[in-house]
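What follows is each chain in one-letter form.
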Amino acid sequence: MTEALDLARGCDHATSPNPMVGAVVLRQGTVVGRGRTAPAGGPHAEVVALAEAAGAARGATLVVSLEPCCHLGRTPPCTDAVIAAGISRCVVAMRDPNPMVDGRGIERLRQAGIEVRLGVGAGGARRLNEFYLRWVTARLPFVTAKFAASLDGRIATASGEARWITGEAARHLAHLLRHQHDAVLVGAGTVLADDPQLTARLPDREARQPLRVVVDSRLSTPVTSRLIGSDGRSLIATTEAAPARARHALEARGARVEAFPVAADGRVPLRAVLAMLAAEGRISVLVEGGARVHGSLFAEGLADRVVALLAPRIIGGASAPAAVGGPGALHLADAPELHGVRVERAGADIVVSGSTRAGHPGRG
Ligand code: AOF
Ligand code: ZN
């Protein structure tokens, strides 16, 4: 299972919205086939591993990091392939909560006389596919809230200087996060202040480019913003109250503009934006701020994970903006606490990350 999980990890998020799965065919203790999920629409891990094993799969054991599917999706059911190959034993890390599967894959294998063992390496499998698992069960993307701040939680000085609070290594980590997520989301204030590109740039390989999303209730995003590219990968989420002229100007530059009903606070309804992204098959969103967006995100309980990049310096001052704005928690009992907290170093900076949901397996 360790090898199956390593294979799955090698998918490196290219399978989205499909989970990252690894499979190994074992014959008398020897690996005779290996597979990982191909990008969506391509073959599943089991099918790849069984093809490599060919005739040696008969009577062999299949070790797989997720329950084999039993439905016809973009590809045929894996359970059929497993049965046809003559596998006699199957070791599965965890159930696939996809309502189309959800235990029926295992049931199907057992009905065919295959011995199934469930739960080996379940923790690792769950951590690996936390984006997919959130998306398939909540119909919302897994949301990572990321910010770079001083040790006292400020994301800029009182005069608005923010470049750069953290160093090179922490910025590299931020690009890796963009590569891993299907979309990156910021508020219009951040676009006006920083004019970010919101692309993923990695030194050693080609990065996956996330959809770039701006929440902008009044359409104040300048048409010359760097994140509006001709690649059709920028989306401005606004309200129905936004001026049509601004909308047309942004669309003429190649941005997609979606209008949502005005939320109670006069802003763009974040949950609705996230639900739309989920419906389009985006299983993960990296929210990079600013303070107002993070404030709404936490107020609405929409963040699943927090990644805080903290520079060991103090900015201070009552008017320097904090990482998380909005009303905040009035009582400590209402302040979300992180679970499975990890503390790492990135150059001179400190990376604190954790899950907002109790019962999360953590990342240890
Ligand atoms: C597996 N093995 O390697 C993966 C599975 O549209 P399709 O045919 O690609 O099916 C996608 C669904 O298959 C996906 O939502 C999830 O339930 C399952 N993923 N299953 O047996 C795999 N990636
Ligand atoms: Zn499958």
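Just so you know, the residues in each chain are numbered from 1, in the order the chain's sequence is written. Lettering of chains starts at A and numbering of ligands starts at 1, both following the order in which they are written. Where totals are concerned, whole chains, interfaces and linings use all residues; where local detail is concerned, this predicted model gives features only for residues with pLDDT of at least 70, and gives and counts side-chain atom pairs only at 80 or more. As a rule here, side-chain values come from all non-hydrogen atoms in the structure, and water together with hydrogens is ignored.

### Details of the coordination of the zinc ion (ligand 2)
- Keep in mind that water is not among the atoms, so a site may look incomplete; donors are the N, O and S atoms within 2.8 Å of the metal, or 3.2 Å for Na, K and Ca. Protein coordination at the zinc ion (ligand 2): the donors are His44 (ND1), Cys69 (SG) and Cys78 (SG), at 2.0 to 2.2 Å from the metal.
- Note on geometry labels: four donors, all angles 85 to 135 degrees, give tetrahedral; four donors become square planar and six octahedral when opposite donors are over 155 degrees apart and every other angle is between 65 and 115; remaining cases are irregular. What the 4 donor atoms of the zinc ion (ligand 2) show is an angle range of 97 to 121° at the metal, which sorts the shape as tetrahedral.

### Digging into the packing of helix H3 (residues 78–85) against helix H4 (residues 104–111)
- Helix axes are fitted only over the stretch in contact, all axes being lines through C-alpha atoms; the angle between N-to-C directions runs from 0 to 180 degrees. Going along the chain from the N terminus, every DSSP run of H or I of four or more residues is numbered as a helix, and every run of E of two or more is numbered as a strand. With their axes 10 Å apart at the nearest point, H3 and H4 run at an angle of 20° to one another. In this view, H3 runs roughly parallel relative to H4, as classed from their interaxial angle. Once H3 is placed against H4, the crossing between them reads as right-handed. Here H3 contributes Thr79, Asp80, Val82 and Ile83 to the contact with H4, which in turn contributes Gly105, Arg108 and Leu109.
- Lys, Arg, Asp and Glu make up the charged group, whereas Ala, Val, Leu, Ile, Met, Phe, Trp, Tyr, Cys and Pro make up the nonpolar group; the residues left over, Gly among them, are polar. A breakdown of the residues in the contact of H3 with H4 according to their chemical character gives 3 nonpolar, 2 polar and 2 charged. Roughly parallel means an angle under 35 degrees; roughly antiparallel, over 145; roughly perpendicular, 65 to 115; everything else is oblique. Handedness of a crossing follows from how the near helix is turned relative to the far one, being left-handed for an anticlockwise turn of less than a right angle and right-handed for a clockwise one. Residue contacts follow a heavy-atom distance rule, with two residues in contact if any of their heavy atoms lie within 4.5 Å.

### Some remarks on the site of ligand 1
- Around ligand 1 there are 18 residues in total, and His44, Glu46, Arg74, Thr75 and Asp96 lie nearest to it.
- Throughout this description, a polar contact denotes any pair of N or O atoms lying within 3.5 Å of each other; where both atoms belong to protein, one of them has to be capable of donating a hydrogen while the other can accept it, and for residues adjacent in sequence the pair is counted only when both atoms sit in side chains. Histidine 44 places a side-chain nitrogen or oxygen 2.7 Å from an oxygen atom of ligand 1.
- A distance of 2.6 Å is found between an oxygen atom of ligand 1 and a backbone nitrogen or oxygen belonging to arginine 74.
- Protein chains bury 96% of the 520 Å² of accessible surface belonging to ligand 1 in isolation. A cutoff of 4 Å decides nearness: a residue is near a molecule or strand if any of its heavy atoms lies inside that distance of it. Per-residue accessibility takes into account occlusion by the displayed protein chains alone, with areas from the Shrake-Rupley method and a 1.4 Å probe.

### Notes on the sheet that holds strand S5 (residues 115–118)
- Taken together, the 5 strands give an open sheet; going across it, the order is S2-S1-S3-S4-S5, and neighbouring strands pair in mixed fashion. On the outer flanks of this sheet lie strand S2 (30–36) and S5, each paired with one strand and no other. Put simply, the sheet's adjacent strands are angled 15° from each other on average, direction ignored. Any two strands between which DSSP finds at least two bridges are classified as paired.

### Some details on the sheet that holds strand S6 (residues 142–150)
- Strand order in the open sheet formed by 9 strands is S10-S9-S8-S7-S11-S6-S12-S14-S13, with mixed pairing between adjacent strands. The open sheet has two edge strands with one neighbour each: strand S10 (256–260) and strand S13 (339–346). Adjacent strand axes in the sheet meet at a mean angle of 20°, parallel and antiparallel pairs treated alike.
- The pairing of S6 with strand S11 (residues 284–287) spans 4 bridges and is classified as parallel. The residue of S11 that forms the bridge with alanine 145 is valine 287.
- Relative to S6, helix H11 (residues 291–299) is tilted by about 135°, and along the sheet it contacts S6, strand S7 (183–187), strand S8 (211–215), S11 and strand S12 (305–311).

### Things to note about empty space enclosed by the protein
- Using a 1 Å grid laid over the protein atoms alone, points where a 1.4 Å probe fits but cannot get out form a cavity; open sets with protein on both sides within 12 Å along at least 5 of 7 lines form a pocket; any residue with an atom within 4 Å of a point counts as lining. Grid points are joined across faces, edges and corners, and a volume is the space filled by probe spheres set on the points. One pass over the full model with this rule turns up 1 cavity of 30 Å³ or more.
- Computed from the structure, the largest cavity encloses a volume of approximately 50 Å³.
- Around the largest cavity, the lining residues are His13, Thr15, Ser16, Asn18, Met20, Leu128, Asn129, Phe131, Tyr132 and Ile283.
- Here the lining of the largest cavity is composed, by residue class, of 5 nonpolar, 5 polar and no charged.

### A look at the packing of helix H2 (residues 45–53) against H3
- The N-to-C vectors of H2 and H3 enclose an angle of 20°; their axes lie 9 Å apart at closest approach. As summarised for this structure, H2 and H3 are arranged roughly parallel, according to the angle between their axes. Crossing geometry of H2 relative to H3 is assigned as left-handed. The segment H2 lies against H3, with Glu46, Val47 and Leu50 engaging Cys78, Ala81, Val82 and Ala85.

### Topic: the pattern of salt bridges
- The rule for a salt bridge is simple: a side-chain nitrogen of Lys or Arg has to be within 4 Å of a carboxyl oxygen of Asp or Glu. Scanning the entire structure with this criterion turns up 20 salt bridges.
- One salt bridge connects aspartate 6 with arginine 9, and the closest N-O pair in it is separated by 2.8 Å. Taken as a pair, aspartate 6 and arginine 9 lie in helix H1 (residues 2–9) at a separation of 3 residues, close to a single helical turn.
- Residue class for aspartate 6 comes out partly exposed when judged on its relative accessible area of 43%.
- On the accessibility criterion, arginine 9 (43% relative accessible area) is partly exposed.
- Bridged by salt links that share partners, the residues Arg256, Glu258, Glu280 and Arg282 form one connected network. Residue burial is assigned from relative accessible area. The probe radius is 1.4 Å, only protein chains are included, and a residue is buried under 20% of its type maximum, exposed over 50%, and partly exposed in between.

### Some thoughts on the side chain of threonine 238
- The topology assignment puts threonine 238 in strand S9 (residues 234–239).
- Using a relative accessible area of 1% as the deciding quantity, one classes threonine 238 as buried.
- Among the polar contacts made by the side chain of threonine 238, one reaches the main-chain carbonyl oxygen of aspartate 216 at a distance of 2.7 Å.
- Setting aside anything within four residues of it in sequence, one finds threonine 238 in contact with Asp216, Ser217, Arg218, Leu219, Val257, Glu258, Ala259, Phe260 and Val268.

### Regarding the domain arrangement of the chain
- On domain assignment, one finds that the chain holds domain 1 (2–128) and domain 2 (140–355).
- What marks off one domain from the next here is an automatic or database domain assignment. Centre-to-centre, using C-alpha coordinates, domain 1 lies 35 Å away from domain 2.
- Counting the surface lost from both domain 1 and domain 2, the interface buries some 480 Å², and carbon and sulfur atoms represent 47% of this.
- The buried area of a pairing is the accessible area, by a 1.4 Å probe, that goes missing from both parts when the two are put together, added over both. A per-residue breakdown of the area domain 1 buries against domain 2 is headed by Asp12, His13 and Ser16, which together make up 75% of the total.
- For the pair domain 1 and domain 2, the interface holds 1 salt bridge.
- Between arginine 205 and aspartate 12 there is a salt bridge whose closest N-O contact spans 2.6 Å.
- Linking domain 1 to domain 2 there are 4 residue pairs in polar contact (both at pLDDT 80 or more).
- Its residues assigned to classes, the side of domain 1 that touches domain 2 comprises 2 nonpolar, 2 polar and 1 charged.

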